Amino acid sequence: MSEAEDDQPAQVARDCVVSFHYELFDAGGEALESSRRREPVLILHGHGNVLPGVEAALLGRSPGERFEVTLAPGEAYGERREDARRRVSKKHLAGNTKRLAPGMQAGLRTAEGLRPVTVVKVGSSVVDVDLNHPLAGRSLRFDIEVVALRAASPEELAHGHVHGPGGHHH
Ligand code: ZN
């Protein structure tokens, strides 16, 4: 991956562990998310841990480098679909379902894992949810700063994600 004496990568490449800060803006420049008040995000590059467009833009970058990447909705969380409302049983929603209210984000348990949904209407045992991702239909601009790089462990490569601080614990 590199010829550095300590065998740590100098540039982002597949199978590196990359830590980075990001700020996320919509097309109008409204700030949506930021990692700046938290620890940097850690990903195993090349394993689909982030949006493909972000992963591609990270390739070849070095620690300290800052850059922007703008993704169209289709490259980010998809176009908004009008037919994406579903009536689901409350028991399929994660967390405290007693406090659900229209407009809230909730997690719907699916075979593929927890899916973010927006609550539309709350009944006594069922909830109408909008399956569109909260950021669907929006162009997104990421301002990214690469913080650090290291080689991944064989175990991390086998699992396809980062272990230890900032990563998976299991
Ligand atoms: Zn693991």
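This one's a predicted model, so the numbers in the text were calculated from it and none came from an experiment.

Asks: Is there a simple way to think about the sheet that holds strand 5 (residues 85-89) in this case?
Replies: Strand pairing in a sheet relies on backbone hydrogen bonds, with the paired strands running either antiparallel or parallel. Judged by pairing direction, the sheet is antiparallel, and its four strands sit side by side in the order 5-8-7-6 without closing on themselves. Bordering the open sheet on either side are strand 5 and strand 6 (105-110), each of which pairs with just one other strand. Put simply, the sheet's adjacent strands are angled 50° from each other on average, direction ignored. Where strand 6 and strand 7 (residues 113-122) come together, six bridges link them in antiparallel fashion. When the sheet's bridge partners are listed, Gln-105 is paired in strand 7 with Thr-118.

Asks: Looking at this structure, how should I read the environment of His-21?
Replies: Tracing the sequence through the fold places His-21 in strand 1 (residues 16-26). Put simply, His-21 and Gln-105 are 84 residues apart on the chain and 24 Å apart in space, counted from C-alpha to C-alpha. The contacts of His-21, once residues within four sequence positions are left out, are Ser-35, Arg-36, Arg-38, Glu-39, Pro-40, Asp-143, Ile-144, Glu-145 and Val-147.

Asks: Help me understand the nonpolar core in this model?
Replies: Burial of nonpolar side chains together is a common tendency in soluble globular proteins. Of all hydrophobic cores here, the largest spans 22 residues; its most connected members are Val-18, Phe-20, Val-54, Leu-58, Phe-142 and Ile-144. Of all elements in the fold, only strand 1, helix 1 (52-58), strand 4 (66-71) and strand 9 (140-151) reach the threshold of two or more residues within this core.

Asks: How should the coordination of the zinc ion be read in this particular structure?
Replies: Six octahedral donors around a metal ideally make angles of 90 or 180 degrees; four tetrahedral donors ideally make 109.5 degrees. Coordination of the zinc ion by the protein comes from His-159 (ND1), His-161 (NE2), His-163 (NE2) and His-170 (NE2), over a distance range of 2.0 to 2.2 Å. On the basis of relative accessible area, His-159 is assigned to the partly exposed category, the value being 40%. On the basis of relative accessible area, His-170 is assigned to the exposed category, the value being 68%.

Asks: Is there a simple way to think about the packing of aromatic side chains in this case?
Replies: This structure, assessed with the given rule, holds two aromatic pairs. Arranged with centres 6.5 Å apart and planes meeting at 55°, the rings of Phe-20 and Tyr-22 form a pair that is tilted. Of the residues examined, Phe-20 reaches a relative accessible area of 3% and is grouped as buried. On the numbers, 6.3 Å between centres and 50° between planes, the contact of Tyr-22 with Phe-142 is tilted. One end of the pair, Tyr-22, is in strand 1; the other, Phe-142, is in strand 9, with 120 residues separating them in the sequence. Phe-142 matches Tyr-22 in its accessibility class, with the two residues each being buried. Three or more aromatic residues joined by ring pairs form one cluster here, namely Phe-20, Tyr-22 and Phe-142. Positioned above the aromatic ring of Phe-67, the side-chain terminus of Arg-61 is 3.8 Å from the ring centre. Positioned above the aromatic ring of Phe-25 is the side chain of Arg-141, whose terminal nitrogen or guanidinium carbon lies 4.4 Å from the ring centre.

Calculation rules
- Throughout, residues of each chain are indexed from 1 in the direction in which the sequence is written.
- Given that the model is predicted, a residue must reach a pLDDT of at least 70 before its local features are reported, and side-chain atom pairs must reach 80 or more before they are shown or counted; all residues, however, enter totals for whole chains, interfaces and linings.
- In computing side-chain properties, one takes all heavy atoms of the structure into account and sets aside hydrogens as well as water.
- Pairs of strands are assigned from DSSP output, requiring at least two bridges between the strands.
- By definition, any uninterrupted DSSP run of H or I lasting at least four residues is a helix, any uninterrupted run of E lasting at least two residues is a strand, and each is numbered from the N terminus.
- To get an axis, a line is fitted to the C-alpha atoms, and for a helix only the part in contact is used. The angle between two axes follows their N-to-C directions and goes from 0 to 180 degrees.
- Whether two residues are in contact is decided by their heavy atoms: any pair within 4.5 Å suffices.
- Take the buried residues of types Ala, Val, Leu, Ile, Met, Phe, Trp, Tyr and Cys, join any two whose side-chain atoms come within 4.5 Å, and each joined set is a nonpolar core.
- Only protein chains enter the accessibility calculation, which uses a 1.4 Å probe; a residue is then buried when its area is under 20% of its type maximum, exposed when over 50%, and partly exposed in between.
- Listed donors are limited to N, O and S atoms within 2.8 Å of the metal, widened to 3.2 Å for Na, K and Ca; water is not among them, so incomplete-looking sites are possible.
- Put simply, two rings from Phe, Tyr or Trp (the six-membered ring, in Trp's case) pair if the centres are within 6.5 Å, and we call them stacked under 30 degrees between planes, edge-to-face over 60, tilted for the rest.
- We count a charge as sitting over a ring when the NZ of a lysine or the CZ of an arginine lies within 6 Å of the ring centre and within 35 degrees of the ring normal.

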